Amino acid sequence: MKIIDMKCVKGFMQLAQDSVDKGWHEMNGGNLSYRMTEAEAANVKKECKKPTSDWMEIGGSVPKLGGQFFIVTGTTRFIRNVTRDPANAFGITEIDATGTKYRIWWGLEDGGRPTSEFAPHLRCHEIRMEKTDGANRVIYHCHPPAVIALTFILPLTDKAFTRTLWSAMTECPVIFPEGVGVVKWMVPGKDDIARATQKLMATYNCAIWAHHGVFCAGATFDKAFGLMETVVKSADIALKVMSTGKKVRQTITTDDIKKIAKDFKLTLNEKFL
Ligand code: 2HA
Ligand code: ZN
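As the structure is a computational prediction, the values presented were derived from the model and not from experiment. (Residues numbered from 1 in each chain as written. Chains lettered and ligands numbered in written order. Predicted model: local features only at pLDDT ≥ 70, side-chain atom pairs only at ≥ 80, totals over all residues. Heavy atoms only, no water.)

Looking at the site of ligand 1
- Residues in contact with ligand 1, as listed here, are N28, G29, G30, N31, E117, H141, H143 and H212.
- A distance of 3.3 Å separates an oxygen atom of ligand 1 from a polar side-chain atom of H141.
- Coverage of ligand 1 by the protein amounts to 86% of the 220 Å² it exposes when considered alone. (Near = heavy atom within 4 Å. Polar contact = N/O pair within 3.5 Å; in protein donor to acceptor, adjacent residues only side chain to side chain. Areas by Shrake-Rupley, 256 points an atom, 1.4 Å probe, with all protein chains shown as cover.)

Okay, here's the thing in structure tokens:
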């Protein structure tokens, strides 16, 4: 099957376009990656016959991902061009057996390279794969204004962000019962921020980068996008309420959250109750 006709490639492009439509990507901001199944990787090998680059350094080490194939957006390439110019805007890469190098099989034309956040993406894939018995395949990063704005006024703690988001919209505890994690401001594109994010992703499907953006994980494109959409909407509501400057008269309380958990049979993260 042609690469562009593969279901996972279509899903990748759909998420990119939906996210651009949401206004979460300026210029080359944000990035997306997907861990292919063995059958999908076999199709890439069959279709492309040989890699188009030599082995190159990842800038981090992800031994558990050795031999796996990833669809990934390109550094300096714009998410808005994922659907317009697929083979330029993203590509398909293989990780070597040691988990320290990658090579390109398809796309990233005109000398393209994977996103500058390839190390955080791969580190998040490694931990989410482990924690979900291989179910999680998507890691998605964007720059949504409301969440970034909240990182200027809330304490940069997992608890402050989780409680604010859970209390702003009733369905939030259902969609992320484990809560969300927060990474203090750090230089992006480096292994330090990758390690900090990986640590949070052992517990959460969502990590907020102070003054920068959000990383979400999911089993499918729909689930990763849906989680991002929910976090962003809840942050938007919280920010709107705060921006009125009015006294908050009523909110979703800890007891209310516990009631939701009981009814929906959720295991909420106890740390935040
Ligand atoms: O430019 O979003 O974090 C891509 C990014 C870096
Ligand atoms: Zn970013």
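Examining the pairing of strand β6 (residues 138–142)
- Here β6 lies mainly inside the structure; five of its five residues are buried.
- Where burial is concerned, the two faces of β6 agree: the one with V138, Y140 and C142 and the one with I139 and H141 are both buried.
- Sheet analysis places β6 next to strand β9 (residues 213–218), joined by five bridges and oriented antiparallel. Bridging across to β9, V138 finds its partner in G218. (Buried < 20%, exposed > 50% of the residue type's maximum accessible area, 1.4 Å probe, protein only. Helix = DSSP H or I, 4+ residues; strand = E, 2+ residues; numbered from the N terminus. Pairing = 2+ DSSP bridges.)

A short note on the coordination of the zinc ion (ligand 2)
- At 2.0 to 2.1 Å from the zinc ion (ligand 2) lie its protein donor atoms, namely H141 (NE2), H143 (NE2) and H212 (NE2).
- Summarised as a motif, the one-chain spacing of the donors to the zinc ion (ligand 2) is H-x1-H-x68-H. Of the two residues, H141 is situated in strand β6 and H212 in the loop between β8 (206–209) and β9; the sequence distance between them amounts to 71 residues. Side by side, H141 and H212 carry an identical accessibility label, which is buried. (Donors = N, O, S within 2.8 Å, 3.2 Å for Na, K, Ca; no water.)

A short note on unusual backbone geometry
- The phi torsion at D110 lies on the positive side, around 60 degrees, for a residue other than glycine.
- Summarising the element assignment, D110 is placed in the loop between β5 (101–107) and α4 (118–131).
- The backbone of K265 shows a phi angle near 55 degrees, a positive value even though the residue is not glycine.
- Checked against the element boundaries, K265 lands in the segment after α10 (254–264).
- Given the relative accessible area of 73%, K265 is considered exposed.

Regarding the nonpolar core
- Among the nonpolar cores identified, the biggest contains 75 residues, and M36, V44, I71 and F90 are the most heavily contacted of them.
- Element by element, the count of residues in this core is highest for helix α9 (residues 221–244), at ten residues.
- Contact partners of I71, with chain neighbours within four places excluded, come to C8, V9, F12, L32, S33, Y34, M36, F90, G91 and I92.
- Among the nonpolar cores identified, the runner-up in size contains 13 residues, and M56, V72, I104 and L108 belong to it. (Core = buried A, V, L, I, M, F, W, Y, C linked by side-chain atoms within 4.5 Å. Contact = heavy atoms within 4.5 Å.)

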